[in-house]
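# Residue-level structure breakdown
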Amino acid sequence: MNSSRLWTKDFIIISGINFLINLVFYLLIVIIGEYAVDQFHASTSEAGLVTGIFIIGSLIGRLFTGRFIESLGRRKTLFIGLIFFILTTLLYLISSNIGIMLTTRLLHGIAAGIVGTATGTVAAQIIPAARKAEGIGYFSMSTTLATAVGPFIGLFMTQHTTFHMIFIFSSVLGVISFITSLFVYIPALTVTAKQPVAEPKSFTLSQFIEPKAVPIAIITLVISFCYSSVLSFIKFYANEINLVSAASFFFLVYSIAVLFSRPFTGRLMDTKGANYIMYPGFVILAGGMVLLSSVNTGIMLLVAGALIGLGFGNMQSSTQAIAVKLTLPQRMGLATSTFFIALDAGLGFGPYLLGFIIPVTGYRSLYVILGIVVFLSTVLYYFLHGKKEHDLRANLKTAA
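Reading the values: rules and limits
Residues numbered from 1 in each chain as written. Predicted model: local features only at pLDDT ≥ 70, side-chain atom pairs only at ≥ 80, totals over all residues. Heavy atoms only, no water. Helix = DSSP H or I, 4+ residues; strand = E, 2+ residues; numbered from the N terminus. Rg over C-alpha atoms; globule rule 2.2 N^0.38 Å. Buried < 20%, exposed > 50% of the residue type's maximum accessible area, 1.4 Å probe, protein only. Contact = heavy atoms within 4.5 Å. Areas by Shrake-Rupley, 256 points an atom, 1.4 Å probe, with all protein chains shown as cover. Salt bridge = Lys/Arg side-chain N within 4 Å of Asp/Glu carboxyl O. Expected span 1.5 Å × (residues − 1). Arc of directions from axis to C-beta. Axes fitted to C-alpha atoms, helices over the stretch in contact; angles between N-to-C directions. Parallel < 35°, antiparallel > 145°, perpendicular 65-115°, else oblique. Left-handed = near helix turned anticlockwise from the far one by under 90°. Nonpolar A, V, L, I, M, F, W, Y, C, P; charged D, E, K, R; others polar. Patch = residues over 30% accessible without salt bridge, like charges linked within 9 Å, V, L, I, M, F, W, Y side chains within 5 Å. Polar contact = N/O pair within 3.5 Å; in protein donor to acceptor, adjacent residues only side chain to side chain. Phe/Tyr/Trp six-rings, centres within 6.5 Å; stacked < 30°, edge-to-face > 60°. Core = buried A, V, L, I, M, F, W, Y, C linked by side-chain atoms within 4.5 Å.

## Focus on the overall build of the protein chain
From N to C terminus, the protein chain includes 14 helices and zero strands. N-terminal to C-terminal, the α/β element order of the protein chain is α-α-α-α-α-α-α-α-α-α-α-α-α-α. At 20 Å, the protein chain has a C-alpha radius of gyration in line with the 21 Å of a compact globule built from 400 residues. When each of the 400 residues of the protein chain is scored for burial, the buried share is 54%. Counting only contacts in the protein chain whose residues sit at least 6 apart along the sequence, the fraction spanning at least 24 positions is 86%. Accessible surface computed for the protein chain: about 17,400 Å², of which carbon and sulfur atoms make up 72%.

## Here's the deal with the pattern of salt bridges
Summed over all chains, the structure comprises seven salt bridges. Here the salt bridges do not stand alone but share partners, grouping Arg131, Glu134 and Arg267 into one network.

## Quick look at helix H7 (residues 163-181)
Each α-helix turn comprises 3.6 residues. Residues three or four places apart therefore point the same way. In a regular helix each residue adds 1.5 Å, so 19 residues correspond to 27 Å; H7 covers 27 Å between its end C-alpha atoms and thus fits that length. For H7, every residue scored as buried is listed here: Phe163, Ile166, Phe167, Ser170, Ser171, Leu173, Gly174, Ser177 and Ser181. The arc that holds every buried residue of H7, seen down its axis, measures 150 degrees, which confines them to one face. The inward-facing, buried residues of H7 contact helix H1 (9-29), helix H2 (32-40), helix H4 (74-90) and helix H6 (132-160).

## So, the packing of helix H8 (residues 214-240) against helix H12 (residues 298-325)
With their axes 10 Å apart at the nearest point, H8 and H12 run at an angle of 150 degrees to one another. Taken together, H8 and H12 sit at an angle that is classed as roughly antiparallel. As H8 packs across H12, the resulting crossing turns out to be left-handed. Within the contact between the two elements, H8 uses Ile216, Thr220, Ile223, Ser224, Tyr227, Val230 and Ile234 and H12 uses Leu301, Ile308, Phe312, Met315, Thr319, Ile322 and Ala323. Of the residues assigned to the contact of H8 with H12, the class counts are 11 nonpolar, three polar and no charged.

## Concerning a nonpolar patch on the surface
On the surface, Ile56, Ile60, Phe64, Phe68, Phe349, Tyr352, Leu353, Phe356 and Ile357 cluster together into a nonpolar patch covering about 860 Å² of accessible area. Counting residues per element, the ones that place at least two in the nonpolar patch are helix H3 (44-72) and helix H13 (332-384). For the nonpolar patch, the leading source of residues is H13, giving five residues.

## Side note on helix H11 (residues 275-293)
The end-to-end C-alpha separation of H11 is 27 Å, in line with the 27 Å expected for 19 residues at 1.5 Å each. Listing the buried residues of H11 in full gives Asn275, Ile277, Met278, Gly281, Phe282, Leu285, Ala286, Gly288, Met289, Leu292 and Ser293.

## So, the environment of Ala323
Mapped onto the secondary structure, Ala323 falls in helix H12. Sequence-wise, Ala323 and Lys212 are 111 residues apart; in three dimensions their C-alpha atoms are separated by 7.5 Å. Discounting chain neighbours no more than four positions away, the residues touching Ala323 are Ala213, Ile216, Ala335 and Phe339.

## Things to note about the side chain of Ser228
Tracing the sequence through the fold places Ser228 in helix H8. Look at Ser228 and you get buried, because its relative accessible area is 0%. Reaching out from Ser228, the side chain makes a polar contact with the backbone oxygen of Phe225 at a distance of 2.6 Å. When neighbours within four sequence positions are excluded, Ser228 is seen to be in contact with Phe233, Gly346, Leu347, Gly350, Pro351 and Leu354.

## A few points about the packing of aromatic side chains
Here the structure, examined in full by the defined rule, presents 20 aromatic pairs. Considering the side-chain rings of Phe233 and Tyr363, the 6.2 Å spacing of their centres and the 50 degrees angle between planes classify their relative orientation as tilted. Taken as a pair, Phe233 in helix H8 and Tyr363 in helix H13 lie far apart in primary sequence, 130 residues in all. In this pair, the class of Phe233 matches that of Tyr363, namely buried. Seen from their ring centres, Tyr279 and Tyr381 are 5.2 Å apart, and the 85 degrees between their planes marks the pair as edge-to-face. Taken together, the residues span a long stretch of sequence, with Tyr279 in helix H11 and Tyr381 in helix H13 at a distance of 102 residues.

## Focus: the nonpolar core
Counting residues in hydrophobic clusters, the biggest one holds 105 residues, and the most contacted among them are Leu292, Leu301 and Ile308. It is H13 that contributes the most residues to this core, 14 residues altogether. In contact with Ile308, not counting residues within four places along its chain, are Tyr227, Val230, Phe250, Tyr254, Leu285, Gly288, Met289, Leu292 and Gly313. With five residues, the next largest nonpolar core counts Leu59, Phe208, Ile209 and Ile341 among its residues.

## Some details on the packing of H11 against H13
Running from N to C, H11 and H13 cross one another at 165 degrees; their axes reach a closest spacing of 7 Å. Considering their axes alone, H11 and H13 lie roughly antiparallel with respect to each other. In the crossing of H11 with H13, the sense of the turn from one axis to the other is left-handed. From H11, Asn275, Met278, Tyr279, Phe282, Val283, Leu285, Ala286, Met289, Val290, Leu292 and Ser293 reach across to H13, where they touch Arg364, Tyr367, Val368, Leu370, Gly371, Val374, Phe375, Ser377, Thr378, Tyr381 and Tyr382. Its residues placed into classes, the contact of H11 with H13 shows 16 nonpolar, five polar and one charged.

As structure tokens, this is what we get:
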């Protein structure tokens, strides 16, 4: 068996499961607010809470899954998460008021957090060490595809069927994910004598967060916070500048840019190191944000989308790969959880905090400011990880 082979049956299945779970998330996130207003006469703030509480649930799920995934077992954690995901998806069908809907969204988010941490951890485990960045890049493409396909399916189904059919469809995707997970082989971890495995008896933060992954998680938090302004407000901005038609293709162009670049950037990171991706990524993402602030044609808007995809899309997978590479195998689940907690926190709380700034700055000035923040983050990255990248690669080669 070729130990450097990437596209194994298990890798394809685990990537497919990740795609379907994220597809359900992005499918529902574009329609659930409207459903809450139509079905329960929710206010605008309640509709926003129904949409956003999922992220809070996901954070909770990731936090505790990272803590217990190794003691419970990665395969068992994946199964439990998928069963919980199916059950909570079915809860949408019997939600009879806004309170039950909020509870359902919270529980559904917890389930998605469990599954997402499990799939990310399993993927990182089965990817060959020599192709870690490339493999994680391909794996995270499943999420990128979901960000483009999910909203499209959600909006299409609202025009041609009922909300109940959408919930049933989402439940079916959960069932498919569970059935396919039965065919995944997850090899047992090999723990050497040098790798400590004893669990501390008293409570420590390291039981829930991987300290070695925290520095790169801070970078993830910053860039995802800035990107959340695009994810959440691009439609409002497009309405303001009369580019609604072009905006409908924004995330499609974003996804295409990521899909075409990810194979090359993953290999480049494996051969040359993370700095070869991260430093250009900061510049490209900052440039995309500044260009977005000044667009006045549809072409300019889509070019900005491509640049943001090249920047954020590749930096996202690179920071995940860094978090995993910094960590001992038996703490890989915690490292994956730490990364996703930072990512979800930035994407989830960013729109809420930026909502207080937009009335003061407007969208154009906001994107300029965030572009500057992204560019200045290169300094933060240098001190948190960039200057240590050479030594890290040397240590990994020595260990190999």
